[in-house]
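Structural overview
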Amino acid sequence: MSINATRLARRSALGLLALPLLARGAAAQGRNLRQIVFVQPSPSAINSYPIFVGMGEGYFQAEGLTVRSEAVNGSGPVLQALSSGQAQFGRPGPGPVLRARARGVDVVFLYNSLPRSSFGILVKTGSSYRTPDQLRGKVIGVGTADGAEVGFARAILSDLGMQEPRDYRFIPVGDGGPAVAGFMRGDIEAYVGSTADAAILNFRGMAVRDITPDRYQTFFGNGYVAMGPFINANPQVVEGFGRALVRATRFTNDPANRDKVLRHLAVGNPQEIENRNFANALLDQVLEKGKPHDPSKGWGWQDPAHWAAWHQSLVDSKELAAPLPNLEAAYTNRFIEAWNRT
């Protein structure tokens, strides 16, 4: 895959807004910053807020890094960019990561940015559907054919004894706005969407509600990953990258910083911040989904039990042909203590 203008929406590369004195001082002394490429599965700056806030506040520069952010369409292309060496960090979902590892791709989940489920099975508010098993025989929309939302929904439906294509069918309809058209034309009866998708649908007049069972709320969402060889060869870069993420996360969660946060996010995606009320509502939801289940573990910590649940669901739904021989190799908490020490 080639990262080029036809597949990517390039976002802020410089991150020079409001640099702290530490970063300014380093630049003034002629410090050479190491450029890294970060790939996100959509153009949303809000969903990747620690990157843009970290750039804007100079946290990456303070670690000797400069970040260029690129956007692709779904977790699959994120993993392709990483495995081809065109990017160093990405933000895919856990399902695609486990499937990639089953194919021999040595990608490692480093930082769980969405410990609470970021996806939901959405239906129109006025519909009669109350539980996912009532979608038997129906068409369900997804953003992309290989996105993290597909594995999430398939796991739930598999637990309910439903298999594709016998009991339902997925069709890609795009993210957020395009899903509105899918509902209006009657192409889909439900949509598997992220927090952002639900906010966009409601904002555009397509009122939806989530029928995901409560027990799936530990099926965590997208997080920050890198390739195993890169991690082993560059532990200081990984430590600095994650430390900047934690600093940016703490900064963003402080309500006193909201205006400054929105200015940083507008650099990453101006259109997303045009409607301030919508941007604030969406950011509130993303921050809520990002709260750790156990704050004492620190930002980014990954619960082995939650990984085991994701893994088992993919095996049960035949997303994985067989269990991975070493699930623990798919993720690491190695850097969590250092990242949260600041």
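The structure under discussion appears in the preceding block.
Report on the accompanying structure. (Residues numbered from 1 in each chain as written. Predicted model: local features only at pLDDT ≥ 70, side-chain atom pairs only at ≥ 80, totals over all residues. Heavy atoms only, no water.)

1. Observations regarding the overall build of the protein chain
The test is simple: The way it works is that DSSP assigns letters per residue, a run of H or I at least four long becomes a helix, a run of E at least two long becomes a strand, and they are numbered from the N terminus. A radius of gyration in this sense is built from C-alpha atoms; the matching globule rule multiplies 2.2 Å by the number of residues raised to 0.38. Per-residue accessibility, obtained with a 1.4 Å probe over protein chains only, is compared with the maximum for each type, and a residue is labelled buried under 20%, exposed over 50%, and partly exposed between these values. A contact between two residues is defined here by any heavy atoms of the two lying within 4.5 Å. Per-residue accessibility takes into account occlusion by the displayed protein chains alone, with areas from the Shrake-Rupley method and a 1.4 Å probe. Two residue types count as positive, namely Lys and Arg, and two as negative, namely Asp and Glu; His and chain ends fall outside the count. Charge coordinates come from a single atom per side chain, which is NZ of Lys, CZ of Arg, CG of Asp or CD of Glu.
What the protein chain contains, in helices and strands, is 14 helices and 10 strands. Radius of gyration (C-alpha) of the protein chain: 19 Å, near the 20 Å computed for a compact globule of 342 residues. With the C-alpha coordinates of the protein chain rotated into their principal frame, the extents come out at 65 × 45 × 40 Å. Looking at the protein chain as a whole, 60% of its 342 residues are labelled buried. For the protein chain, contacts bridging at least 24 residues in sequence account for 80% of all contacts bridging at least 6. On the protein chain, roughly 14000 Å² of surface is accessible, and the fraction owed to carbon and sulfur atoms is 50%. Considering the protein chain, the positive charge centre built from 36 side chains and the negative charge centre built from 29 side chains are found 4 Å apart.

2. Here we look at empty space enclosed by the protein
The cut-off we apply is this: Site definitions follow a grid-based scheme: protein atoms alone, a 1 Å grid, a 1.4 Å probe that fits but cannot get out for cavities, and for pockets an open set with protein on both sides within 12 Å along at least five of seven lines, plus lining residues having an atom within 4 Å of a point. Grid points are joined across faces, edges and corners, and a volume is the space filled by probe spheres set on the points. Any residue outside Ala, Val, Leu, Ile, Met, Phe, Trp, Tyr, Cys, Pro, Asp, Glu, Lys and Arg is labelled polar, Gly included; the first ten of those are nonpolar and the last four are charged.
Tallied over the full model, the rule gives 2 cavities of 30 Å³ or more. Tyr49, Ser113, Thr249, Gly290 and Trp299 are, among the 13 residues lining the largest cavity, the residues nearest its centre. Secondary structure elements with two or more residues in the lining of the largest cavity: α2 (49-56) and α10 (235-253). Class assignment for the residues of the lining of the largest cavity results in 7 nonpolar, 6 polar and no charged. Size it by volume and the second largest cavity reaches roughly 40 Å³. What lines the second largest cavity is Asn47, Tyr49, Arg91, Ser113, Leu114 and Val286.

3. A look at the sheet that holds strand β6 (residues 138-142)
Operational definition: Paired strands, as defined in this entry, are two strands with at least two bridges between them according to DSSP. For helices, the fitted line uses only the C-alpha atoms of the stretch in contact; every axis is such a line through C-alpha atoms, and the angle between N-to-C directions lies from 0 to 180 degrees.
Read from one edge of the open sheet, 5 strands run β7-β6-β8-β5-β9, paired in mixed fashion. Edge positions in the sheet fall to β7 (168-172) and β9 (208-210), since each has one partner strand and no second. For this sheet the average axis-to-axis angle between neighbouring strands, irrespective of direction, equals 35 degrees. In the packing of helix α7 (residues 177-185) onto the sheet, the strands contacted are β5 (119-124), β8 (190-194) and β9, and the crossing angle to β8 comes to about 170 degrees. Sheet strands in contact with helix α8 (residues 195-203) are β5, β8 and β9, and its direction is about 120 degrees off that of β8.

4. Brief notes about the layout of surface pockets
A water-sized probe rolled over the atoms picks out the places where empty space is left. As a volume, the largest pocket reaches approximately 920 Å³. Lining of the largest pocket is provided by 45 residues; of these, Ser42, Ser44, Asn47, Asp175 and Asp197 occupy positions nearest its centre. By residue class, the composition of the lining of the largest pocket is 17 nonpolar, 19 polar and 9 charged. Counted as a void, the second largest pocket has a volume near 200 Å³. Lining the second largest pocket are 16 residues, and of these Leu122, Ser194, Thr195, Ala198 and Asp210 sit closest to its centre.

5. Topic: the packing of helix α11 (residues 258-268) against helix α12 (residues 276-289)
In plain terms, the rule: Angles below 35 degrees are treated as roughly parallel, those above 145 as roughly antiparallel, those between 65 and 115 as roughly perpendicular, and all remaining angles as oblique.
For the pair α11 and α12, interaxial distance at closest approach is 12 Å and the crossing angle is 100 degrees. Here α11 is positioned roughly perpendicular relative to α12, judged by the angle of their axes. Contacts between α11 and α12 pair Arg258, Asp259, Val261, Leu262 and Leu265 from the former with Arg276, Ala279, Asn280, Leu283, Asp284 and Leu287 from the latter.

6. Let's talk about unusual backbone geometry
Geometrically, the link from Glu164 to Pro165 is a cis peptide bond, its omega value of 5 degrees lying close to zero. Along the chain, the position of Pro165 falls in the loop between α6 (148-159) and β7.

7. Description of the packing of α2 against α11
Where α2 contacts α11, the axes come no closer than 8 Å and their chain directions differ by 105 degrees. Classified by the angle between their axes, α2 and α11 sit roughly perpendicular to one another. Where α2 abuts α11, its residues Tyr49, Phe52, Val53 and Gly56 lie against Val261, His264, Leu265 and Gly268. Its residues assigned to classes, the contact of α2 with α11 comprises 5 nonpolar, 3 polar and no charged.

8. Some thoughts on the pairing of strand β4 (residues 107-111)
Taking burial as the measure, the 5 residues of β4 include 5 buried ones, the bulk of the element. By the bridge criterion, 4 bridges tie β4 to strand β10 (residues 224-227) in an arrangement that is antiparallel. Residue pairing across strands places Phe109 opposite Val225, the latter belonging to β10.

9. What to know about helix α5 (residues 94-102)
Of all 9 residues in α5, 8 are buried, a share of seventy percent or more. If you check which residues of α5 are buried, you get Pro94, Gly95, Pro96, Val97, Leu98, Arg99, Ala100 and Arg101. Buried-residue contacts for α5 involve α4 (75-83), β4, α6, β10 and α13 (304-316). Gly104 lies just past α5 and shows a positive phi near 95 degrees.

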